[in-house]
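Each chain, written out:
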Amino acid sequence: MIGDFIDGPLWYFSAAVFVIGVAWRLFAILRLRGRKKVLSKPRNTTGGGALATILRRFVPYREFATVSRGRVIAGYVFHLGLFALLFFAAPHMEFIRDRITGFGWTPLPYWGFIVASQLAFFGLLLLIIYRLMNPVTRLLSDAGDYVSSILVFVVMLTGCMALLQASEALRLLHLFLAEVLLIYFPFSALMHTFTFVTSRGFSGAVFYRRGVNY
Amino acid sequence: MAIDMNVFQQFAGQMAQLGSMAQPTDYPDEERVERAKAVFRKSIGAEQAGDLEACVKCGLCAEACHFRVSTGDPKYTPARKMELMKRFYQREMGPFRWLYRLATRDITARDLEDWQELVYDSCTTCGRCGMICPMGINIAGIVTTTRQALAEAGLVPADLRAVQQEQGAYGTVFGAGPDTVRQAVEQMRTRGHDVPLDKEKADYLVLTSVVDMMLFTDQLEATIKIFNRLGLDWTFRTDGFEGANFGLLAGVADVQKQASMKVIETAIAIGAKAVIVPECGHAYPALRWSGAEIYGKPLPFDVYVISEFLDLQLQAGKLKLKSDNSDIKVTFHDPCKHGRYSGILDEPRAVIKALGVDFRELPSHGMMNWCCGGGAGVFVIGSAAPLRQAAFGIKYDEVNKTGADKVLMACGSCRLNFLKGAQDNNWDKEIVSLVALVGDNLE
């Protein structure tokens, strides 16, 4: 019975909270557009500053390569591994096909799943350890940052366990935790999945009109 | 024309007295908080909301901040400086404010006092942190707004407040008013220069600053020589001469507006085609990027900072320079507000190249240049002296690595800070104005 609840109503509820919450949080940013009139004569009149910065900031500037190397590599390893798991693990592809899109795509082979999960775990663990050990990130971080990291970690862990042991109870536990994550997502720093576009885009546009390739 | 180091000592002495001259700005705690909140409420637009929502607290900005790097103290991490405004946004403007009001505590007067050191003493709004941020967050912009909130709450550091209050009340900076301009012009005339003053109509309104008139007279003289050599229709004006804007630096909007409007109205009255901003970091963006917003419509004239203007004249073939200077080993310090903030990076380099000097870039230069530690009014804040000295150490090491004998400056505040740093460190480097070097090399 609890399985039906997790598979049914809780899934729809968590998906709705996720979609509405993300949309509402992004709308709250965008509704403030135009509060400040920009009247100064631009140095750059062609567009494209926002898009350029959105793309440029995927890679750190050369001058910062050394100081940011560890965190950037750990970040990429985690995010790429997670992305591969989320969209290309066979059970996820089937879930998305059956419940959301109605169509599927070629999933990762089993060995690909293993590699992706190892990368994601390794990257996430490095980031969590860094957050705990470095005086700067320790000072900056609050409970919400740790909750986000731990939630993602346990969702990944139960996902791997569910796949490896083919247990219905583990599948339900994984789905339940994923639903908790979906509900938590819009209220947390996990929103950077979307807000990187607004922060990079706005800053890029503002600086570009001043003649700065931000 | 060499600068008079006795005058520099007098300046430094004057600055040490500033705090005692400030008028108190005391409010009850509750009023302080409400005043600060009103500024946040009015100022936060989509850009800043987007920035506040995007930080993942990766801590990379700590690696780009001269105050954090030089002291090693994590409390100076730029992302931390955003926390006050972020808490306000989450609790009072954000989409889940009902939730954040349950989970976070409200801003207190004590918070505002704690943030005074973070946004005034330990931040020059140089913007270097924004360059390393993977989210592209304009942290300097957040700090600027937080300064405005603290200013409204009466929490501008006393030294900076004294100068801002003077500019607000009398329109002068360090006592420099119309008489100071007349004296400076007279001094230049006795040195044989034709100096137009208070012309009713002119194509170019040339600004100056108290520092140029009283200390960096080499910059002032060079500017006069250059404009005369170019044969331009230009003037200084006693009713609109000061480039420095301590309203902007302190975060006091009405003083910023008053100082900017003085220049804007003067430029319009004389029918100026362009206003030329002297070698002053913040003076350029104050007019170039905030002037029109203050005026309420596009400015009917162009605004150039002197290094940008010199490059335009070089490109047009009107400015001819001697280029037999290969024996002079120089490096160049980009003013943050010209380079990183306003995109003026190639222009001063084109001028330096035209001088034919042996030019050596700093290891970190251009967009990645380290701030000297004295910008955004920090140079006048007495309590920031240890932080300034620590931050200057980065610059000191970088300049030494170039092997240059001279450090070229395009900002008076930077030059003041470099002179102080050179004095403190018994440094053998010569701190030279770019425009002064151009003035010495006119063909």
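Residues numbered from 1 in each chain as written. Chains lettered and ligands numbered in written order. Predicted model: local features only at pLDDT ≥ 70, side-chain atom pairs only at ≥ 80, totals over all residues.

J.: I'd like to hear about the overall build of chain B, residue by residue, with values.
T.: Assigned secondary structure in chain B consists of 23 helices and eight strands. For chain B, whose C-alpha radius of gyration is 22 Å, the value lies close to the compact-globule estimate of 22 Å for 443 residues. Referenced to the eigenvectors of the C-alpha coordinate spread, the extents of chain B come out at roughly 70 × 50 × 40 Å. By residue count, 57% of the 443 residues in chain B fall in the buried class. Intrachain contacts of chain B at a sequence separation of at least 6 include 82% that bridge at least 24 residues. (Helix = DSSP H or I, 4+ residues; strand = E, 2+ residues; numbered from the N terminus. Rg over C-alpha atoms; globule rule 2.2 N^0.38 Å. Buried ≥ 20, exposed ≤ 12 C-beta atoms within 10 Å, placed from the backbone. Contact = placed C-beta atoms within 7 Å.)

J.: Before we move on, could you go through the overall build of chain A and cite the residues and values that matter?
T.: Check the secondary structure of chain A and you find ten helices and zero strands. Starting at the N terminus and ending at the C terminus, chain A contains elements arranged as α-α-α-α-α-α-α-α-α-α. Seen through its C-alpha atoms, chain A measures out along the principal axes to roughly 65 × 40 × 35 Å. Relative to its 214 residues, chain A shows a buried fraction of 31%.

J.: Describe the nonpolar core, naming the residues involved and giving the relevant values.
T.: Of all hydrophobic cores here, the largest spans 179 residues; its most connected members are B:Cys61, B:Ile139, B:Leu150, B:Val275, B:Val277 and B:Met409. Looking at this core, the element that brings in the most residues is helix α10 (residues 139–152) of chain B, giving seven residues. (Core = buried A, V, L, I, M, F, W, Y, C linked by C-beta atoms within 7 Å.)

J.: Would you mind going over the environment of A:Val115 in detail, with residue names and values included?
T.: Mapped onto the secondary structure, A:Val115 falls in helix α6 (residues 110–133). As for A:Val115 and A:Ala84, which are separated by 31 residues in sequence, their C-alpha atoms are 9.7 Å apart.

J.: How would you summarise the sheet that holds strand β3 (residues 274–277) of chain B if you had to cite specific residues and measurements?
T.: All names here are of chain B. One open sheet holds the four strands; their spatial order is β2-β1-β3-β4, and the pairing between them is parallel. The two strands at the open ends of the sheet, each matched to only one other strand, are β2 (234–235) and β4 (302–305). Two elements, β3 and β4, share four bridges in a ladder whose sense is parallel. Counted as the bridge partner of Ala274 is Asp302 from β4. (Pairing = 2+ DSSP bridges.)

J.: If you had to explain the interface of chain B and chain A to someone new, which residues and values would you point to?
T.: Across the boundary between the two partners, chain B contributes 47 residues, which contact 48 residues of chain A. Elements with a minimum of two residues in the side of chain B that touches chain A: α3 (46–54), α5 (78–81), α9 (128–132) and α18 (291–295) of chain B. In terms of residue count, α3(B) provides more of the side of chain B that touches chain A than any other element does, seven residues in total.

J.: Help me get a handle on the packing of helix α8 (residues 143–165) of chain A against helix α9 (residues 168–184) of chain A, residues and values and all.
T.: All names here are of chain A. Direction vectors running N to C along α8 and α9 enclose 155°, while the axes themselves pass 8 Å from each other. The orientation of α8 with respect to α9, classified from their angle, is roughly antiparallel. As α8 runs across α9, the sense of the crossing is left-handed. Where α8 abuts α9, its residues Leu151, Val152, Val154, Val155, Thr158, Gly159, Met161, Ala162 and Gln165 lie against Leu170, Arg171, Leu173, His174, Leu177, Ala178, Val180, Leu181 and Tyr184. (Axes fitted to C-alpha atoms, helices over the stretch in contact; angles between N-to-C directions. Parallel < 35°, antiparallel > 145°, perpendicular 65-115°, else oblique. Left-handed = near helix turned anticlockwise from the far one by under 90°.)

J.: Now, about the sheet that holds strand β6 (residues 358–359) of chain B: what can you tell me, with residues and values included?
T.: All names here are of chain B. In space, the four strands of this open sheet follow the order β6-β5-β7-β8, with parallel pairing throughout. Two strands lie at the open edges of the sheet, namely β6 and β8 (430–433), each paired on one side alone. Here strand β5 (residues 329–332) runs beside strand β7 (residues 406–409); their pairing, made up of three bridges, is parallel. Bridge pairing in β7 places Phe332 opposite Leu408.

J.: Summarise the confidence of the model for chain B; cite the residues concerned and give the values.
T.: Averaged over every residue, the pLDDT of chain B is 97; the share at 70 or more is 100%. Across the interface, the model reports ipTM at 0.95; the global pTM reads 0.96. (pLDDT = per-residue confidence, 0-100.)

J.: Quick rundown of unusual backbone geometry? Include the residues and the values.
T.: Residues and elements named next belong to chain B. For Asp198, which is not glycine, the phi torsion reads 60° and is therefore positive. With respect to the helices and strands, the residue Asp198 is situated in the loop between α12 (178–190) and β1 (204–206). Since 17 C-beta atoms lie within 10 Å of it, Asp198 is described here as partly exposed. The backbone of Ala376 sits at a positive phi, close to 55°, despite the residue not being glycine. Among the secondary structure elements, Ala376 is positioned in the loop between β6 and α21 (385–402).

J.: Account for the environment of A:Ala143, naming residues and giving values.
T.: Mapped onto the secondary structure, A:Ala143 falls in helix α8. For the pair A:Ala143 and A:Arg69, spaced 74 residues apart in sequence, the C-alpha separation works out to 26 Å.

J.: Break down the pairing of β3(B) for me, with residues and values.
T.: It is a general feature of regular strands that their side chains alternate between the two faces of the sheet. Sheet topology places β1(B) next to β3(B); three bridges connect them, and they run parallel. Within β3(B), the position partnered with B:Val206 by the bridge is B:Ile276.

J.: I'd like a rundown of the pairing of β5(B), residues and numbers included.
T.: Residue and element names in this part refer to chain B. Across two bridges, the pairing between β5 and β6 is parallel. Looking at the pairing, Val330 lines up with Phe359 of β6. Handedness of the β5-helix α20 (residues 346–354)-β6 crossover: right-handed. (Right-handed = clockwise from strand over helix to strand, strands pointing away.)

J.: Which residues make up helix α14 (residues 217–230) of chain B, and what values do they have?
T.: Given a rise of 1.5 Å per residue, 14 residues ought to cover 20 Å, and the 20 Å separating the end C-alpha atoms of α14(B) matches this to within 8%. Looking one or two residues past α14(B), B:Gly231 carries a phi angle of roughly 70°, positive in sign. (Expected span 1.5 Å × (residues − 1).)

J.: Could you give me a rundown of helix α2 (residues 29–43) of chain B, with the residues and numbers involved?
T.: With 15 residues, α2(B) ought to run about 21 Å at 1.5 Å a step, and its terminal C-alpha atoms sit 22 Å apart, in line with that. Turning to α2(B), the residues buried within the fold contact α6 (83–93), α8 (109–121) and α10 of chain B.

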